[in-house]
Amino acid sequence: MTDIQDKKLTEFDDNDQHPVGFGRMLRKEDARLLRGRGRFVDDVQLPGMLHLAILRSPFAHANIVSIDTSAAEASPGVKAVVTGETLKGLGLAWMPTLSNDVQAVLATDRVRFQGQEVAFVVAEDRYQARDALELIDVEYDVLEPVVDVRKALDPDAPVIRTDLEGKTDNHVFDWETGDEEETNRVFASADVIVKEDIVYPRVHPAPMETCGSVADFDPVEGRLRLWSTTQAPHAHRTLYAIVAGIPEHKIQVIAPDIGGGFGNKVPIYPGYVHSIVGSIVTGKPVKWMEDRSENLISTGFARDYIMRAEIAATAEGRILAIRTNVLADHGAFNGTAAPVKYPAGFFGVFTGSYDIQAAHCKMTAVYTNKAPGGVAYACSFRITEAVYLVERIVDALAYELRMDPAELRLKNFIQPEQFPYTTKTGWVYDSGNYEPTMRLAMEMAGYEELRKEQELKRARGELMGIGISFFTEAVGAGPRKNMDILGLGMADGCELRVHPTGKAVVRLSVKTQGQGHETTFAQIIAEELGIPPADIDVLHGDTDNTPFGLGTYGSRSTPVSGAAAALVARKVRDKAKLIASAMLEVSVADLDWVKGAFQVKGDPGRSVTIQEIAFRAHGAGDLPDGVEGGLEAQICYNPSNLTYPHGAYICVVDIDPGTAEVKVRRFIAVDDCGTRINPMIIEGQVHGGLTDGVGMALMEMISFDEDGNCLGASLMDYLIPTALEVPDWETGYTVTPSPHHPIGAKGIGESATVGSPPAIVNAVVDALKPFGIRHADMPLTPSRVWDAMRGQATPPI
Ligand code: PCD
Ligand SMILES: [Cu+]
């Protein structure tokens, strides 16, 4: 750690609630949110507003024979009933997805997953709209569905995407990375090879607020205002302009307060488009708000990877190579968002935190009769799957070698002097110092003691497990030269204005969903300009008032927009310096910046504050040559690389031998996200992600019956963790700044969701060691653990 970092660390540790810059500080947005003054999409009320409800397919796969809407149209309060045929006439039946596929806005010919949108009703209130849905008479001709992903490519499997010309199978894409020949060569010479089939089940982000929108189309001005639950307002606006043919400057997308996104609010859902069409057709504002079931069966699923992992090593535990084969279930439409050149997202980082000689991955993605899948649920585009794969297979290797899993990892880490480190699949890790992070986690856990305790307990027949995971993420997409979504470069704009009295407003292209941008971005500006965070307003989420940028997901806000904010503040500071030199009548070379003021070198008594400079910049009188007046700047930031946060997690579980129930007793999480802006917010992010991890590892799974019925359609069936299932989290940190980020910060928002499932599963498998078990698939529900204990195969999903 550098001196600067040490200095910052002491700042972080004090409990000052009002740091002028980085440090612990209560969230500015909570003054509003905790008093019930948040304004979410469902709070939007417009004069004459109508309500929209969607009729969804009860079948996973069926031809639509006919739709009779006459009774619904005659139902009280109904203003419009729209079907796929109506949309077809308008050229709006299909829309592009964020991964170069198309998706039905309303089904025309056929339904392809249970819950797919078939028709919508617009009525005076929500009840009338819902009642009218029951009166729509749809005749279906039910087809055999493709539910089992392993059978999707069978020659006799029904073809799902008959809408795509010339499509004769259910293949979405093949993708490959690494060097196959070299990897095979290394495998052939290895002492030990361990192979494991690993499933990352389909899960749902399940944010507290479901998706919805309010569309208000003004036919006179040709202007559309759309309030919607979107994590990427600017990108959505561009897509609406392309789909609906409304000029982009006449579309205003407003993402108001959002009750959690977790990747669920990145895709464009048919419902958003329905509300737009509904408003155009009726000439009135139209609100659409999903219920919980609709959210759970039709929006943004994640994971669903069936992975074969193989690892090669020497007898002494030196890891040589990793290879993997993946079958990816993308559902009926490839609706995930992924940078164009990365159809499998950033799965290429499956080599983890280890210095190895070769790696290779082959992946096949297929369509099935399920809702579109693959959203980056708290995961920078498939990082979660990659980390789970490597951390599970490394543990399986430790099992075979009878080595301690901590020791095995320590032996194979990429060393600090190897950074920037290019992996065997071509990723350039910007910085890292893994061993201290691992050692700190072990120290906090009391690792040696825990192992002793485990030995004693094992001798008594008790089931205690200790699980480790060590991860490296790739977040902050991304470099414009090789990353884009639908042709849009992944850069972010930022604008900063300092008003005459020294108060400021910063405008961001990213959009917070609860992670606290209104606070942390004010802190970044405060750190750079010395204006207190309370004096800085953070504007975001309204395309009319913010610069263009690709939005919030993949923990990219701090790496990309955070950098933009720091640099725009520095631009303002440079301008302020010119004005200060005129005010103090010295040359710029004679000025020193002390946070919040310029002072004359060697004469600290003579100085001007940023507030005084702001007033002067707007005031009467001459300005120095080349200074326009005002104090503002704007920037578009192109990241030169991603940032690579890392972390070491240790989980301790106890399993009840009588019921197979898993209890997470302790969880130690040491994260390294480089420079820390607000440690309190970081801890909150980590607590949230760890809770996610408990959910995925122990209880969450969206499964389907053989007819393709979704079995997780309510929170009674799809279990998510509560405070009762989680321990008191024990968090720690190390600081390895990103060398290319102006403040050295890396992302943190998804780290814990990514890193915790393998730690928990590794702990459960470790507890089951006496049964000779090397692997068991998530979610490790009591019945699965019970089966594992009795040597029965995990039931297939
Ligand atoms: N170094 C550092 C980093 C960071 N930070 C902080 O923390 C946070 C976070 O960040 P980031 O990492 O950058 O991230 P963002 O971008 O902002 O965000 C995003 C994320 O975020 C997380 N978290 C959260 N939280 C909440 N509350 N809510 C939500 O929803 C959420 N989501 C999740 C997700 S899933 Mo995706 O979408 O799937 O892709 S992605 C994601 C913010 O506030 C910031 O500023 C600090 O302080 N420092
Ligand atoms: Cu992902």
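On a predicted model such as this, the values are computed, not experimentally measured, just so you know.

Cut-offs applied
- Residues numbered from 1 in each chain as written.
- Chains lettered and ligands numbered in written order.
- Predicted model: local features only at pLDDT ≥ 70, side-chain atom pairs only at ≥ 80, totals over all residues.
- Heavy atoms only, no water.
- Helix = DSSP H or I, 4+ residues; strand = E, 2+ residues; numbered from the N terminus.
- Rg over C-alpha atoms; globule rule 2.2 N^0.38 Å.
- Buried < 20%, exposed > 50% of the residue type's maximum accessible area, 1.4 Å probe, protein only.
- Areas by Shrake-Rupley, 256 points an atom, 1.4 Å probe, with all protein chains shown as cover.
- Lys, Arg positive; Asp, Glu negative; His and termini not counted.
- Charge placed at Lys NZ, Arg CZ, Asp CG, Glu CD.
- UniProt positions renumbered as here; feature names shortened; annotations may be inferred.
- Near = heavy atom within 4 Å.
- Polar contact = N/O pair within 3.5 Å; in protein donor to acceptor, adjacent residues only side chain to side chain.
- Domains from an automatic or database assignment.
- Contact = heavy atoms within 4.5 Å.
- 1 Å grid on protein atoms, 1.4 Å probe; cavity = no way out; pocket = protein on both sides within 12 Å on 5 of 7 lines; lining within 4 Å.
- Points joined across faces, edges and corners; volume = space filled by probe spheres on them.
- Pairing = 2+ DSSP bridges.
- Core = buried A, V, L, I, M, F, W, Y, C linked by side-chain atoms within 4.5 Å.
- Nonpolar A, V, L, I, M, F, W, Y, C, P; charged D, E, K, R; others polar.
- Axes fitted to C-alpha atoms, helices over the stretch in contact; angles between N-to-C directions.
- Left-handed = near helix turned anticlockwise from the far one by under 90°.
- Parallel < 35°, antiparallel > 145°, perpendicular 65-115°, else oblique.
- Salt bridge = Lys/Arg side-chain N within 4 Å of Asp/Glu carboxyl O.

Student: How should the overall build of the protein be read in this particular structure?
Tutor: What the protein contains, in helices and strands, is 19 helices and 32 strands. Computed over C-alpha atoms, the radius of gyration of the protein comes to 27 Å, within 12% of the 28 Å expected from 2.2 N^0.38 for 797 residues, which places it in the range of a compact globule. Here the C-alpha coordinates of the protein stretch approximately 85 × 75 × 50 Å along the principal axes. Here the protein holds 797 residues, and 63% of them are scored as buried. If you sum the accessible surface of the protein, you get close to 28900 Å²; carbon and sulfur atoms cover 51% of it. Side chains of the protein carry 75 positive and 108 negative charges; the gap between the two charge centres is 3 Å.

Student: Before we go on, may I ask you to explain the UniProt feature "domain: Aldehyde oxidase/xanthine dehydrogenase a/b hammerhead" (unreviewed entry) in the protein in this structure?
Tutor: The UniProt feature table records "domain: Aldehyde oxidase/xanthine dehydrogenase a/b hammerhead" (unreviewed entry) at residues 35–144. End-to-end, the C-alpha atoms of residues 35–144 are 51 Å apart, and along that stretch the chain is 18% helix and 37% strand.

Student: I would appreciate a short explanation of unusual backbone geometry in the present structure.
Tutor: Excluding glycine, most residues fall at negative phi; most peptide bonds, likewise, are trans. A cis geometry characterises the amide bond from phenylalanine 419 onward to proline 420, with omega recorded as -5 degrees. The topology assignment puts proline 420 in the loop between helix H11 (405–412) and strand E18 (421–422). Put simply, methionine 778 and proline 779 share a cis peptide bond, and its omega is -10 degrees. Of note in the backbone geometry, glutamate 585 takes a positive phi value of approximately 55 degrees without being a glycine. Here glutamate 585 lies in the loop between helix H15 (557–584) and strand E26 (591–594). The exposure class assigned to glutamate 585 is exposed, which follows from its relative accessible area of 72%. Unlike most non-glycine residues, alanine 660 shows phi in positive territory, near 65 degrees. Topologically, alanine 660 is positioned in the loop between strand E30 (646–655) and strand E31 (662–672).

Student: Is there a simple way to explain the site of ligand 1 in this structure?
Tutor: If you check the shell around ligand 1, you find 36 residues, and the closest are Gly261, Ala376, Gln515, His517 and Gly554. Between ligand 1 and arginine 556, the relevant distance is 3.3 Å, taken from an oxygen atom to a main-chain nitrogen or oxygen of the residue. Within the contact set of ligand 1, a nitrogen atom lies 2.8 Å away from a backbone nitrogen or oxygen of threonine 675. When contributions to the shell around ligand 1 are tallied by element, the ones reaching two or more residues are helix H14 (517–529), H15 and helix H17 (679–698). Both domain 2 (302–477 + 641–789) and domain 3 (491–637) contribute no fewer than three residues apiece to the shell around ligand 1.

Student: How should the side chain of threonine 643 be read in this particular structure?
Tutor: One can find threonine 643 in the loop between strand E29 (631–637) and E30. Excluding residues that lie within four positions of it along the chain, threonine 643 makes contacts with Asp430, Glu473, Ala474, Val475, Pro559, Ser738, His740, Ala745, Lys746 and Gly747.

Student: I would appreciate a short explanation of the layout of surface pockets in the present structure.
Tutor: Reported here for the second largest pocket is a volume of approximately 420 Å³. Surrounding the second largest pocket, 20 residues form its lining, Arg32, Pro256, Glu518, Leu539 and His540 being those nearest its centre. Each of domain 1 (46–143 + 209–259 + 265–298) and domain 3 (491–637) accounts for three or more of the residues forming the lining of the second largest pocket.

Student: For this particular structure, what's the right way to read the environment of arginine 676?
Tutor: With respect to the element layout, arginine 676 can be found in the loop between E31 and H17. For arginine 676, a relative accessible area of 4% gives the class buried. Residues arginine 676 and glycine 747, 71 residues apart in the sequence, show an inter-C-alpha distance of 9.6 Å.

Student: Would you mind going over the sheet that holds strand E6 (residues 110–111) with me for this structure?
Tutor: Strand-to-strand pairing in sheets goes through backbone hydrogen bonds, with the strands running parallel or antiparallel. Pairing is antiparallel in the open sheet, where 3 strands are placed in the order E6-E2-E8. Of all the strands in the sheet, the pair left with one neighbour each is E6 and strand E8 (137–142). Taken together, the 2 bridges between strand E2 (residues 62–68) and E6 define a ladder with antiparallel strand orientation. Counted as the bridge partner of alanine 62 is valine 111 from E6.

Student: Sorry if this is basic, but what is going on with the nonpolar core here?
Tutor: The nonpolar side chains of a soluble globular protein tend to be buried, and buried together. Core analysis: the largest hydrophobic core is formed by 183 residues, its most contacted members being Phe346, Phe347 and Phe667. Per-element tally for this core: the top contributor is helix H10 (residues 383–401), with 12 residues. When residues of this core are assigned to domains, at least three map to each of domain 1 (46–143 + 209–259 + 265–298) and domain 2 (302–477 + 641–789). Each residue touching phenylalanine 346, except ones within four places of it in the same chain, is listed here: Pro339, Ser380, Phe381, Arg382, Ile383, Trp427, Ala474, Ala477, Met483 and Leu642. Formed by 46 residues, the second largest nonpolar core is a distinct cluster that contains Ala580, Val586, Val608 and Ile613.

Student: What am I meant to see in empty space enclosed by the protein here?
Tutor: Remark: the empty space left among the atoms is shown by a probe the size of a water molecule rolled over them. Taken as a whole and assessed by the stated rule, the structure comprises 5 cavities of 30 Å³ or more. Approximately 120 Å³ is the volume found for the largest cavity. Within the lining of the largest cavity, the residues separate by chemical class into 9 nonpolar, 7 polar and no charged. Both domain 1 (46–143 + 209–259 + 265–298) and domain 2 (302–477 + 641–789) contribute no fewer than three residues apiece to the lining of the largest cavity.

Student: Sorry, what's going on with the sheet that holds strand E24 (residues 504–508) here?
Tutor: Strand order in the open sheet formed by 4 strands is E25-E24-E23-E29, and the pairing between neighbours is mixed. The outermost strands of the open sheet, each flanked by one partner alone, are strand E25 (536–539) and E29. Pairs of neighbouring strands in the sheet enclose a mean axial angle of 15 degrees, with direction left out of account. H14 contacts strand E23 (492–498), E24 and E25 of the sheet and is inclined by roughly 130 degrees relative to E25.

Student: Just to check I follow, could you spell out the packing of H14 against H15 for this structure?
Tutor: Angle between the axes and distance between the axes are the two parameters that describe a pair of packed helices. Between H14 and H15, the least distance of the axes is 9 Å, while the angle of their chain directions is 35 degrees. Along this stretch, H14 crosses H15, giving a crossing that reads as right-handed. Every residue of H15 that contacts H14 at His517, Phe521, Ile524, Ile525, Glu528 and Leu529 is listed here: Ser557, Ser561, Gly562, Ala565, Ala566, Val568, Ala569, Arg570, Val572 and Arg573.

Student: Sorry if this is basic, but what is going on with the packing of H11 against helix H12 (residues 434–445) here?
Tutor: The geometry of H11 relative to H12 is characterised by a closest axis approach of 10 Å and an angle of 165 degrees between their N-to-C directions. In terms of orientation, H11 and H12 fall into the roughly antiparallel class. With respect to the hand of their crossing, H11 and H12 are arranged in left-handed fashion. Only Glu435, Met438, Arg439 and Met442 of H12 make contact with H11, whose side of the interface consists of Ala406, Arg409 and Leu410. Of the residues in the contact of H11 with H12, the class split is 4 nonpolar, no polar and 3 charged.

Student: Explanation requested: the pattern of salt bridges in the structure shown.
Tutor: Side chains bearing opposite charge may pair, as long as their charged atoms lie close to each other. For the structure on display, the rule yields 49 salt bridges. Aspartate 163 serves as the salt-bridge partner of arginine 112, at 3.6 Å between the closest nitrogen and oxygen. Placement of arginine 112 in the loop between E6 and strand E7 (117–123) and of aspartate 163 in the loop between E8 and strand E9 (171–178) is noted, with a sequence separation of 51 residues between them. One network of salt bridges, in which partners are shared, links Arg56, Glu117, Arg130, Asp291 and Glu294.

Student: I keep staring at the environment of tyrosine 421 and nothing clicks. Help me out?
Tutor: Tracing the chain through its elements places tyrosine 421 in strand E18. Overall, tyrosine 421 belongs to the buried group, its relative accessible area being 7%. Linking tyrosine 421 and aspartate 355, residues 66 residues apart in sequence, is a C-alpha distance of 9.0 Å. With residues up to four places along the chain from it excluded, the contact list for tyrosine 421 reads Tyr354, Asp355, Ile356, Ile414, Trp427, Val428 and Tyr429. Among the polar contacts made by the side chain of tyrosine 421, one reaches the side chain of aspartate 355 at a distance of 2.7 Å.

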